[in-house]
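# Structure assessment
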Amino acid sequence: MINCTFCKIIAGEIPGKIAYKDDLVTAFHDINPVAPTHILVIPNKHIASTNDITQQDEALLGHMLLAVKKIAADQGIAEKGYRLIINTGPDANQVVQHLHVHIIGGHYMRHPMG
Ligand code: 5GP
Ligand code: ZN
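Summarised in this report is the structure supplied together with it. Numbering of residues starts from 1 in every chain and runs along the sequence as written. Note on labels: chains are lettered from A, ligands numbered from 1, in written order. In view of the model being predicted, local features appear only for residues whose pLDDT reaches at least 70, and side-chain atom pairs are presented and counted only at 80 or more, with totals across whole chains, interfaces and linings using the full set of residues. Water and hydrogen atoms play no part in the side-chain values, which are based on all heavy atoms of the structure.

### Observations regarding the coordination of the zinc ion (ligand 2)
For a metal bound by four donors in tetrahedral geometry, the ideal donor-metal-donor angle is 109.5 degrees, whereas six donors in octahedral geometry ideally sit at 90 or 180 degrees. Only nitrogen, oxygen and sulfur atoms qualify as donors, and only when within 2.8 Å of the metal (3.2 Å in the case of Na, K and Ca); with water excluded, sites may look incomplete. Taken together, C4 (SG), C7 (SG), H46 (ND1) and H98 (ND1) make up the protein donors of the zinc ion (ligand 2), found 2.0 to 2.3 Å from the metal. When four donors show all angles between 85 and 135 degrees the site is tetrahedral, when four or six donors have opposite pairs over 155 degrees and all other angles between 65 and 115 it is square planar or octahedral respectively, and in every other case it is irregular. Here the zinc ion (ligand 2) is ringed by four donor atoms whose angles at the metal span 106 to 116 degrees, and the overall shape comes out tetrahedral. The sequence motif formed by the donor residues of the zinc ion (ligand 2) is C-x2-C-x38-H-x51-H. Highlighted residues: C4 in the segment before α1 (5–10) and H98 in the loop between β4 (82–85) and β5 (101–105), separated in sequence by 94 residues. Like H98, C4 is buried. To qualify as a helix, a DSSP run of H or I must reach at least 4 residues; to qualify as a strand, a run of E must reach at least 2; elements of each kind are numbered from the N terminus. The rule is simple: take the accessible area with a 1.4 Å probe, protein chains only, and divide by the maximum for that residue type; under 20% is buried, over 50% is exposed, in between is partly exposed.

### Some remarks on the side chain of S49
Its place among the elements puts S49 in the loop between β3 (37–43) and α2 (58–75). Of the residues examined, S49 reaches a relative accessible area of 5% and is grouped as buried. Separated by 3.0 Å, the side chain of S49 and the backbone nitrogen of N51 make a polar contact. When checking whether two residues touch, look at their non-hydrogen atoms; a contact exists if any pair is within 4.5 Å. Every residue in contact with S49, bar those within four places of it in the chain, is listed here: T88, Q94 and L99. Within 3.5 Å is the distance limit for a polar contact, defined as a pair of N or O atoms, with the added protein rule that one can donate a hydrogen and the other accept it, and that residues adjacent in sequence qualify only through two side-chain atoms.

### Considering α2
Relative to the 26 Å expected for 18 residues at 1.5 Å per residue, α2 spans 26 Å between its end C-alpha atoms, a close match to the ideal helical length. Of all the residues in α2, the buried ones are L60, M64, A67, V68, I71 and A72. Summarising the axial view, the buried residues of α2 lie within an arc of 135 degrees, below the 170-degree limit, and thus occupy one face. Turned more than 90 degrees away from the buried face of α2, the exposed residues are E58, A59, L65, L66 and K69. Contacts from the buried residues of α2 go to β1 (18–21), β2 (25–29), β3, β4 and β5. Looking one or two residues beyond α2, the residue adopting positive phi is G76, at roughly 75 degrees. Residue count minus one, scaled by 1.5 Å, sets the expected span of a helix. The arc in question is formed by the directions pointing from the helix axis toward the C-beta atoms.

### Focus: unusual backbone geometry
Positive phi, close to 60 degrees, is recorded for N93, a residue that is not glycine. Here N93 lies in the loop between β4 and β5.

### A few points about the site of ligand 1
Near ligand 1, the surroundings consist of 16 residues, among which D30, N93, V95, H100 and H102 are the closest. V96 places a main-chain nitrogen or oxygen 3.0 Å from an oxygen atom of ligand 1. Here an oxygen atom of ligand 1 sits 2.7 Å away from a polar atom, N or O, in the side chain of H100. Computed with a 1.4 Å probe, the accessible areas rest on the Shrake-Rupley method; for each residue, only the protein chains presented here act as cover. For ligand 1, whose accessible area on its own is 530 Å², the fraction buried by protein is 82%. The dominant element in the shell around ligand 1, judged by the number of residues it contributes, is α1, at three residues. Under this grouping Gly is polar, as are all residues other than the nonpolar Ala, Val, Leu, Ile, Met, Phe, Trp, Tyr, Cys and Pro and the charged Asp, Glu, Lys and Arg. Taken together, the residues of the shell around ligand 1 sort by class into seven nonpolar, eight polar and one charged. We call a residue near a molecule or strand whenever a single non-hydrogen atom of that residue lies within 4 Å of it.

So, in structure tokens, the structure goes:
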């Protein structure tokens, strides 16, 4: 997708600190981390948001969560825990229009959210 920052990171056109990559997903460190660990997991194909996923993406979306599990273990946050966030649309402040799962961890987070 032209002019999509995250598609450009996947293509290597703009730099990203890659944490994990396979045929279906890429994960990289957020440029503006809100916690000691803040990684974004994105599909390699351009999907704007959860409003744009289809039945055909079912396996891809499962694969994204399995990638989250691997990344959390690699980053050493699996045991203590982490929070996953997907922002969709303006009320949730989705800034980049390429579906991404935030993995946030490395310190205690208050509950409830919001
Ligand atoms: P959103 O609000 O859309 O869920 O979050 C977008 C996230 O992407 C933000 O946390 C922001 O810091 C991150 N981000 C935006 N542009 C870039 C970039 O060029 N590189 C990296 N690594 N992260 C980015
Ligand atoms: Zn994109």
